[in-house]
Amino acid sequence: MENTRTKTAKSEEALLEELRDILLREDRQSLSEVEAYITNPERFSKRVLPIIEEQLEFFKKHFPDEYRKVVDRQIEARLSTFKDDMIGHLSPVMGKMIRKYVAHQFQILKEKIDNTVKSTFTFNSVKRKVKSTFSGVDERELLLVELDNTVIEEAYVIQRDSGLLLGKASREETLDQDVIAGMLTAIKAFVEDAFKRESEDLEMIQYGTYKIFIQDYHSYYIAIALQGSLSASEKEKIMTLSLNFAERELRTLNKFTEETIKHISSKLHKYFIQKK
Amino acid sequence: MTSKKVILSGSFGVGKTSLFNKFIHNKFSDKYLTTIGVKVNKKVINVDGTELPLLIWDIAGEVSQNKVPNSYFLGASSVIYVFDLTRPQTYKNLQTDLDYLKDLLPGGVIKVVGNKKDLMTPEAIEEVKASLPLPVDIVTSAKTGENVEELFQQLGRDLISV
């Protein structure tokens, strides 16, 4: 009885195995094929590499579209974190530039209004108009001649740190110009140090109608001494002249010898003394 | 030769301006007027046949060198550090001051000068020199002019040889 039961169970097991074999044959075959691919690197890479390359190509083409939003969010977050620092660094420079520009433009505007109001019906204006009519010279040219009462007396290029003279030109022989350059630098250093205004430089020294304009550059500064009243637009002209001089004559000079000092001096004379 | 910037520095009342005036104008005054800010002047010296223009900055005295605005030292070739032989408080910071100046002007010529020689005996001067942590380059008297010219000659030679 016991033997009969065992035999029946065994035959059931065999039948089940046969059934499994029939049902799973295709799956088992696929599995063994996959195993063969995975265990053989050469075959595996042959199969997978084209897929990776295709994906990489897709990634290259679509990176901006797919990831721009993520990158934008990251940049936005970084900018917001460092916004204060950036403003802290930029604002003094920007503020100084804007303040200077606005103040300067207001000064020019004010002068233009004043001049227009003053000169429209004055005796001088009528005289100028009459003179222009009879002489045939444009009224604007006559006006320029009237305004042209400022004289550049001296011009210097001075080494910013040491105060040593790098070039000089003057209308008349004055005090030792090396000493003037040294004292100007000392005054500049004293004022800038005493008032501790970061990113501010001494721009003008004035006594009576005598003015010294100072324009700072990286390693040197240009000082222009002039006599006479000076409007904002005339000041602007002188500053532009100084900028042009620095750009054309000093940009390439990085070593200052006796020869370069002579060269700068003759150019200074040409630009600032002969012109007037 | 191009000009050299020389700074006269040291504590107040040690005689920097007197040395400056003696050297530049050959004048001496007993009246003490404290220097405000800086005074600049120039003298061309002849060092063994070479003309050397010196731009001398006589700066206001400070108890300690680190109180002098750094901008005055910029671009200087040399510093003459002056102390008063008769006042120990003017040379008590000698070592610290000299270290500070050397840091500020690497490679620059620094001269240590004991002034007011006329008020001391030779023995007392030797005593002061012996008590100092560093050698004194020269002792001078702005009043009598003793060694003033020699100081600038020494300086000129050093500046040319640098």
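1. Quick notes on the overall build of chain A
In terms of regular secondary structure, chain A is built from 7 helices and 5 strands. Reading chain A from its N terminus to its C terminus gives the helix and strand order α-α-α-α-β-β-α-β-β-β-α-α. In chain A, the proportion of contacts linking residues at least 24 apart, taken out of those at least 6 apart, comes to 52%. Carbon and sulfur atoms form 59% of the exposed surface of chain A, whose accessible area is close to 20500 Å².

2. Here's the deal with the interface of chain A and chain B
Many descriptions give the size of an interface as the accessible area lost when the pieces come together. Listed per partner, the contact involves 17 residues of chain A and 18 residues of chain B. Carbon and sulfur atoms supply 66% of the area buried between chain A and chain B, which totals about 1400 Å² over both sides. Taken together, the links from chain A to chain B amount to 2 salt bridges. Linking chain A to chain B there are 3 residue pairs in polar contact (both at pLDDT 80 or more). Elements that contribute at least two residues to the side of chain A that touches chain B include exactly α5 (177-195) and α7 (258-273) of chain A. The element contributing the most residues to the side of chain A that touches chain B is α5(A), with 9 residues. Broken down by class, the residue content of the side of chain A that touches chain B amounts to 8 nonpolar, 4 polar and 5 charged.

3. Things to note about unusual backbone geometry
A negative phi angle characterises most non-glycine residues, just as the trans form characterises most peptide bonds. All names here are of chain B. Here the phi dihedral of Asp48 falls at roughly 45 degrees; this positive angle occurs in a residue that is not glycine. In this fold, Asp48 is placed in the loop between β2 (38-47) and β3 (50-59). Phi is positive for Lys116, which is not a glycine, with a value near 70 degrees. Looking at where Lys116 falls in the secondary structure, it is placed in the loop between β5 (109-115) and α3 (122-131).

4. Quick look at the confidence of the model for chain A
For chain A, per-residue confidence averages 78 on the pLDDT scale, and residues scoring 70 or more make up 76% of the total. Mean pLDDT across the elements of chain A ranges from a minimum in helix α4 (residues 139-147) of chain A, with 55, to a maximum in strand β2 (residues 165-170) of chain A, with 91.

5. A word on α5(A)
Residues and elements named next belong to chain A. Given a rise of 1.5 Å per residue, 19 residues ought to cover 27 Å, and the 27 Å separating the end C-alpha atoms of α5 matches this to within 8%. Gln177, Asp178, Val179, Ile180, Ala181, Gly182, Leu184, Thr185, Ala186, Lys188 and Ala189 are the residues of α5 that are buried. Two or three places before Asp178, at the start of α5, stands the capping residue Asp176, its side-chain oxygen 2.9 Å from that residue's backbone nitrogen.

6. Here we look at the packing of aromatic side chains
Enumeration according to the criterion identifies 7 aromatic pairs over all chains in this entry. Summarising the aromatic geometry, the rings of A:Tyr271 and A:Phe272 are spaced 6.3 Å apart at their centres and angled 35 degrees between planes, so their arrangement reads as tilted. When sorted by exposure, A:Tyr271 lands in the same class as A:Phe272, which is buried. For the pair B:Phe83 and B:Tyr91, a centre-to-centre distance of 5.1 Å together with 65 degrees between the ring planes defines the contact as edge-to-face. Across the pair, exposure class does not vary: B:Phe83 and B:Tyr91 are buried alike. Over the ring of A:Tyr221 we find A:Lys188, and its NZ or CZ is 5.0 Å from the ring centre. We note B:Lys43 situated over the ring of B:Phe23; from NZ or CZ to the ring centre the distance is 4.5 Å.

7. Focus: the packing of helix α6 (residues 232-250) of chain A against α7(A)
Residues and elements named next belong to chain A. At their nearest, the axes of α6 and α7 sit 11 Å apart, and the two run at 145 degrees to each other. Here α6 and α7 pass one another in a crossing that is right-handed. Here α6 contributes Leu241, Ser242, Asn244, Phe245, Arg248, Glu249 and Leu250 to the contact with α7, which in turn contributes His263, Ile264, Lys267, Leu268, Tyr271 and Phe272. Counted by class, the contact of α6 with α7 contains 7 nonpolar, 3 polar and 3 charged residues.

Rules behind the numbers
- Residues numbered from 1 in each chain as written.
- Chains lettered and ligands numbered in written order.
- Predicted model: local features only at pLDDT ≥ 70, side-chain atom pairs only at ≥ 80, totals over all residues.
- Heavy atoms only, no water.
- Helix = DSSP H or I, 4+ residues; strand = E, 2+ residues; numbered from the N terminus.
- Contact = heavy atoms within 4.5 Å.
- Areas by Shrake-Rupley, 256 points an atom, 1.4 Å probe, with all protein chains shown as cover.
- Buried area = accessible area lost by both parts, 1.4 Å probe.
- Salt bridge = Lys/Arg side-chain N within 4 Å of Asp/Glu carboxyl O.
- Polar contact = N/O pair within 3.5 Å; in protein donor to acceptor, adjacent residues only side chain to side chain.
- Nonpolar A, V, L, I, M, F, W, Y, C, P; charged D, E, K, R; others polar.
- pLDDT = per-residue confidence, 0-100.
- Expected span 1.5 Å × (residues − 1).
- Buried < 20%, exposed > 50% of the residue type's maximum accessible area, 1.4 Å probe, protein only.
- Phe/Tyr/Trp six-rings, centres within 6.5 Å; stacked < 30°, edge-to-face > 60°.
- Lys NZ or Arg CZ within 6 Å of the ring centre and 35° of its normal.
- Axes fitted to C-alpha atoms, helices over the stretch in contact; angles between N-to-C directions.
- Left-handed = near helix turned anticlockwise from the far one by under 90°.

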